[in-house]
Amino acid sequence: MYTDGACKGNPGPGGWGVLLRSPGHEKELCGGEPLTTNNRMELMAVIEGLSALKRPCEIALYLDSQYVRQGITSWIKGWKAKGWRTSTGQPVKNLDLWQRLDALVAGSGHRIDWHWVRGHTGHEGNERADALANRGVPCR
């Protein structure tokens, strides 16, 4: 799975994109919102990608967002222990999406390996997810 988010302005119109690959199959997903942020679209891409799977899977998930990768693999444990507050005591931003992603990861039965890739460096799957995210951005 390759995911990406895009935003024209931050905040501004934004989109998310997902490329799902399994042996012999590919599926592209995209969507967007008229007023959002880049981080929200990065989160939505992963949420929509995982939600599209019909059964528990082993997933190699590639994304260019350290915010999402670090958030779900590391920071979320502390946030939950502190009542969804950051290490500085501030409310976690994008709480609604973090809670959705947390529930998907915990309750789906998926085994997910989270892989960060540098964006816009020619990584084929990431470039396709980026194009899908940009396709999902609503017209102004």
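Structure first, text after, so check above.
Residues numbered from 1 in each chain as written. Predicted model: local features only at pLDDT ≥ 70, side-chain atom pairs only at ≥ 80, totals over all residues. Heavy atoms only, no water.

## Let's talk about the pairing of strand β4 (residues 58-63)
Side-chain positions along a regular strand alternate between the two faces of the sheet.
Then, in step 1: With burial as the criterion, only one face of β4 is covered, namely that bearing I59, L61 and L63; the residues E58, A60 and Y62 on the opposite face remain uncovered.
Then, in step 2: With two bridges connecting them, strand β1 (residues 2-7) and β4 associate as parallel partners. Pairing of T3 across the sheet is with L63, part of β4.
Then, in step 3: Summarising the sheet, β4 and strand β5 (residues 111-116) pair through six bridges and their orientation is parallel. Its bridge partner lying in β5, A60 is registered against D113. (Buried < 20%, exposed > 50% of the residue type's maximum accessible area, 1.4 Å probe, protein only. Helix = DSSP H or I, 4+ residues; strand = E, 2+ residues; numbered from the N terminus. Pairing = 2+ DSSP bridges.)

## Looking at the environment of I76
Then, in step 1: Its location among the elements puts I76 in helix α2 (residues 66-81).
Then, in step 2: The spatial distance from the C-alpha of I76 to the C-alpha of Q99 is 9.5 Å, given a sequence separation of 23 residues.
Then, in step 3: In this structure I76 touches G71, W84, W98 and D102, once residues within four positions along its chain are discounted. (Contact = heavy atoms within 4.5 Å.)

## Let's talk about the side chain of D64
Then, in step 1: Relative to the elements of secondary structure, D64 occurs in the loop between β4 and α2.
Then, in step 2: Among buried Asp, Glu, Lys and Arg side chains, D64 stands out as unpaired, with R118 the closest opposite charge at 9.9 Å.
Then, in step 3: Not counting the four nearest positions on each side in its chain, D64 is found in contact with T3, D4, E42, W116, V117, R118, G119 and N126. (Lys, Arg positive; Asp, Glu negative; His and termini not counted. Salt bridge = Lys/Arg side-chain N within 4 Å of Asp/Glu carboxyl O.)

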